[in-house]
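An overview of the molecular structure
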Amino acid sequence: LALVTFMLVALLVSVFAISAKRAYADRQAVGRIADDVAVARKSLSIRGALRSEATYITTRYESNFIPTPAEGDTLRATHAELMSEVQSLIGLLKKNGSGRWLEIETRAKRYDAVIPMVADKFDLPLAQRPVSLTTRRRDADKALVEEITREAEAVTSRLTNFDATI
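Keep in mind that this is a model prediction, so the values were computed, not measured.

Attention now moves to helix α3 (residues 101–120). Taking 1.5 Å as the rise per residue, α3 with 20 residues should run 28 Å; its terminal C-alpha atoms sit 29 Å apart, in good agreement. For α3, the full list of buried residues reads Ile 104, Glu 105, Arg 107, Ala 108, Tyr 111, Val 114, Ile 115, Val 118 and Ala 119.

Moving on to the side chain of Glu 147. Within the secondary structure, Glu 147 sits in helix α4 (residues 131–161). Glu 147 sits in the buried class, given a relative accessible area of 5%. One polar contact links Glu 147 to Arg 150, side chain to side chain, over a distance of 2.6 Å. When residues no more than four places from it in sequence are discounted, the contact partners of Glu 147 are Arg 100, Glu 103, Ile 104 and Arg 107.

Another aspect to go through is the confidence of the model for the protein chain. Do not read the fine detail of predicted coordinates wherever pLDDT is low. For the protein chain, mean pLDDT is 87; residues scoring 70 or higher make up 92% of the total. Summarising per-element confidence for the protein chain, the mean pLDDT is lowest in helix α1 (residues 2–61) (84) and highest in α3 (94).

Let's shift gears to the nonpolar core. Inside soluble globular proteins, nonpolar side chains tend to come together where they are buried. Counting 28 residues, the largest nonpolar core has Leu 50, Val 86, Tyr 111 and Val 118 as the members making the most contacts within it. If you list the elements that add at least two residues to this core, you get α1, α2 (69–96), α3 and α4. At eight residues, the largest contribution of residues to this core is made by α2. Excluding residues that lie within four positions of it along the chain, Val 86 makes contacts with Ile 46, Ile 104 and Ala 108.

A few words on the pattern of salt bridges. Counted according to the given criterion, the structure contains 13 salt bridges. Close ionic contact of Arg 138 with Glu 62 constitutes a salt bridge, the shortest N to O distance being 2.3 Å. Note that Arg 138 is positioned in helix α4 and Glu 62 in the loop between α1 and α2, a separation of 76 residues in sequence. According to the relative accessible area criterion, Arg 138 is partly exposed, its value standing at 45%. In this structure Glu 62 comes out as partly exposed when scored by relative accessible area, which is 22%. Here Arg 107 makes a salt bridge to Glu 103, at a shortest N to O gap of 2.7 Å. Remark: Glu 103 and Arg 107 occur in helix α3; sequence separation between them is four residues, near one turn of the helix. Overall, Glu 103 belongs to the partly exposed group, its relative accessible area being 34%. Connected through shared salt-bridge partners, Arg 100, Glu 103, Arg 107, Glu 147, Arg 150 and Glu 151 make up one network.

What counts, and at which threshold
- Residue indices follow the written sequence of each chain, beginning from 1 at its first position.
- Side-chain atom pairs in this predicted model are given and counted only at pLDDT of 80 or more, local residue features only at pLDDT of at least 70, and totals for whole chains, interfaces and linings cover all residues.
- Where side-chain values are given, they derive from all heavy atoms of the structure, hydrogens and water being excluded.
- The numbering of helices and of strands both runs from the N terminus, where a helix is a DSSP run of H or I of at least 4 residues and a strand a run of E of at least 2.
- Expected helix span is taken as 1.5 Å per residue step, with the number of steps being one fewer than the number of residues.
- Partly exposed describes any residue whose relative accessible area lies between the buried limit of under 20% and the exposed limit of over 50%, with all areas from a 1.4 Å probe on protein chains only and scaled to the type maximum.
- Whenever a nitrogen or oxygen atom comes within 3.5 Å of another N or O atom, the pair is scored as a polar contact, on the condition that within protein one atom can donate a hydrogen and the other can accept it, and that pairs from neighbouring residues in sequence are kept only if both atoms are in side chains.
- Contacts are residue-level and defined by heavy atoms, with any inter-residue pair within 4.5 Å sufficient.
- The pLDDT value expresses, per residue, how confident the predictor is, ranging between 0 and 100.
- Residues enter a nonpolar core if they are buried and are Ala, Val, Leu, Ile, Met, Phe, Trp, Tyr or Cys, with the set joined through side-chain atoms within 4.5 Å.
- The salt bridge criterion pairs a side-chain nitrogen of Lys or Arg with a carboxyl oxygen of Asp or Glu, the two atoms within 4 Å.

Below is the structure:
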């Protein structure tokens, strides 16, 4: 009788241990899902903000429209907010172990270096605004958007592959 009782207790403990291990794995997976959702949302938000900033610059810097110095200040302020969001995304990517954070950071620095130069030239007539600056801004913007898009696609792919029963 003692042997049977011992075997039943051992079986119960084993079942409990297996269930606890499964519950812990599910909890870890839920944490990864939440982190990936945060990265996906922030990536999409940043991409939208980059498109908005590009449109703002294109309609003012690359046309005969002569912006006021205050608009240059507005661009600097909104750009600073955008770059703060990019830094927040980079922090999330580091936390999640993504290998793309360094590439996004490099491209963000390149983009961030161009915008103040554009803002400085805002109040000049169109003929005096350097065309090379437009090209540099577009190239830097495109590179950053492409890398953020790659990360967003990777995260979205991971989200669709998670176990739906969690």
